[in-house]
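# Tertiary structure, described
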Amino acid sequence: MNDSNALYQEAIKQMAQAAHGHGQLDSANGEARLDNPLCGDRVRMQVALDGGRITAIAHQTKGCLLCRAAASLLGARAVGQDAAAIEAVADELEAMLKGAAPGPAAWPELAMFAPARAYASRHRCVLLPFRALIDALRAGAAKP
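Treat the numbers as computed from the prediction; the structure is a model and nothing was measured.

## Regarding the confidence of the model for the protein chain
Mean pLDDT over the protein chain: 91, with 92% of residues reaching 70 or higher. By mean pLDDT, helix H1 (residues 3–7) is the weakest element of the protein chain at 59, and strand S3 (residues 53–62) is the strongest at 98.

In structure tokens, the structure reads:
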């Protein structure tokens, strides 16, 4: 298997193609936009919140397969979560990318990003949607 096939395995391709949560919300409580100037990835993340929990999520993601797959994973899994849970998942993902031995994954789908460990320049691509969601949650929590 060549390096490209290892990094862009079928699970990544399918998750990116599914584009869970792609679009926009009419009434978002929080929103954030983040860019990765090194590779051109851009994420706009919106959330609707009720009692601190995500009731709806939408994203507009332009970028590589890794970034789009991570945004799609959030679209599929983030509803019902609160900021602490999303931050814990993001921390787990970042630790895995940095080489920490994986523990019991909060979201088993995180394992699809394991091949990105070997490519430090791609870590930011995977983490960008998570960081955008955390920023959107903070923006939503700051609103009265």
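Resuming the write-up.
## Describing unusual backbone geometry
With a phi angle near 50°, alanine 19 is a residue other than glycine that sits in the positive phi range. Tracing the backbone through its elements, the reader meets alanine 19 in the loop between helix H2 (10–18) and strand S1 (30–36). Judged by its relative accessible area of 31%, alanine 19 is partly exposed.

## Focus on the pattern of salt bridges
According to the stated counting rule, one finds 7 salt bridges in the structure shown. Here glutamate 87 makes a salt bridge to arginine 138, at a shortest N to O gap of 3.5 Å. Residue glutamate 87 is located in helix H4 (residues 83–97), and its partner arginine 138 is located in helix H5 (residues 120–142); the two are separated by 51 residues in the primary sequence. Here arginine 138 ties to aspartate 135 by a salt bridge, and the two come within 3.9 Å at their closest N and O atoms. Highlighted residues: arginine 138 and aspartate 135, both in helix H5, separated by 3 residues, approximately one helical turn. Accessibility expressed as a relative area gives 30% for aspartate 135, which makes it partly exposed. Connected through shared salt-bridge partners, Glu31, Arg33 and Arg44 make up one network.

## Observations concerning the sheet that holds S1
Strand order in the open sheet formed by 3 strands is S1-S2-S3, with antiparallel pairing between adjacent strands. Of all strands in the sheet, those with a lone pairing partner are S1 and S3, marking the two edges. Each strand axis lies, on average, 15° off the axis of its neighbour in the sheet, ignoring direction. Across 9 bridges, strand S2 (residues 41–50) lies against S3 in antiparallel orientation. Bridge pairing in S3 places valine 43 opposite threonine 61. Contacts from helix H3 (residues 65–77) reach S2 and S3, with the element oriented near 160° to S3.

## Considering the pairing of S1
Summarising the sheet, S1 and S2 pair through 7 bridges and their orientation is antiparallel. By the bridge assignment, glycine 30 is partnered in S2 with valine 47. Linking S1 back to S2 in an antiparallel pair, the connection comprises 4 residues, with glycine 40 at a positive phi of about 95°.

## A word on the packing of H2 against H3
Taken N-terminus to C-terminus, the directions of H2 and H3 make an angle of 65°; their axes are 7 Å apart at the nearest point. Judged by the sense of rotation from one axis to the other, the crossing of H2 with H3 is left-handed. Of the residues in H3, those touching H2 at Ile12, Lys13, Met15, Ala16 and Ala18 are Leu65, Leu66, Arg68, Ala69, Ser72 and Leu73. Residues belonging to the contact of H2 with H3 are distributed by class as follows: 8 nonpolar, 1 polar and 2 charged.

## A short note on the nonpolar core
Leu93, Phe113, Phe130 and Leu133 are the most contacted members of the largest nonpolar core, which totals 39 residues. Elements with a minimum of two residues in this core: H2, S2, S3, H3, H4 and H5. Considering each element in turn, this core owes the most residues, 10 residues, to H5. Each residue touching phenylalanine 113, except ones within four places of it in the same chain, is listed here: Ile12, Leu66, Ala69, Ala70, Leu73, Leu93, Met96, Leu97 and Val126.

How each quantity is defined
Residues numbered from 1 in each chain as written. Predicted model: local features only at pLDDT ≥ 70, side-chain atom pairs only at ≥ 80, totals over all residues. Heavy atoms only, no water. pLDDT = per-residue confidence, 0-100. Helix = DSSP H or I, 4+ residues; strand = E, 2+ residues; numbered from the N terminus. Buried < 20%, exposed > 50% of the residue type's maximum accessible area, 1.4 Å probe, protein only. Salt bridge = Lys/Arg side-chain N within 4 Å of Asp/Glu carboxyl O. Pairing = 2+ DSSP bridges. Axes fitted to C-alpha atoms, helices over the stretch in contact; angles between N-to-C directions. Contact = heavy atoms within 4.5 Å. Left-handed = near helix turned anticlockwise from the far one by under 90°. Nonpolar A, V, L, I, M, F, W, Y, C, P; charged D, E, K, R; others polar. Core = buried A, V, L, I, M, F, W, Y, C linked by side-chain atoms within 4.5 Å.

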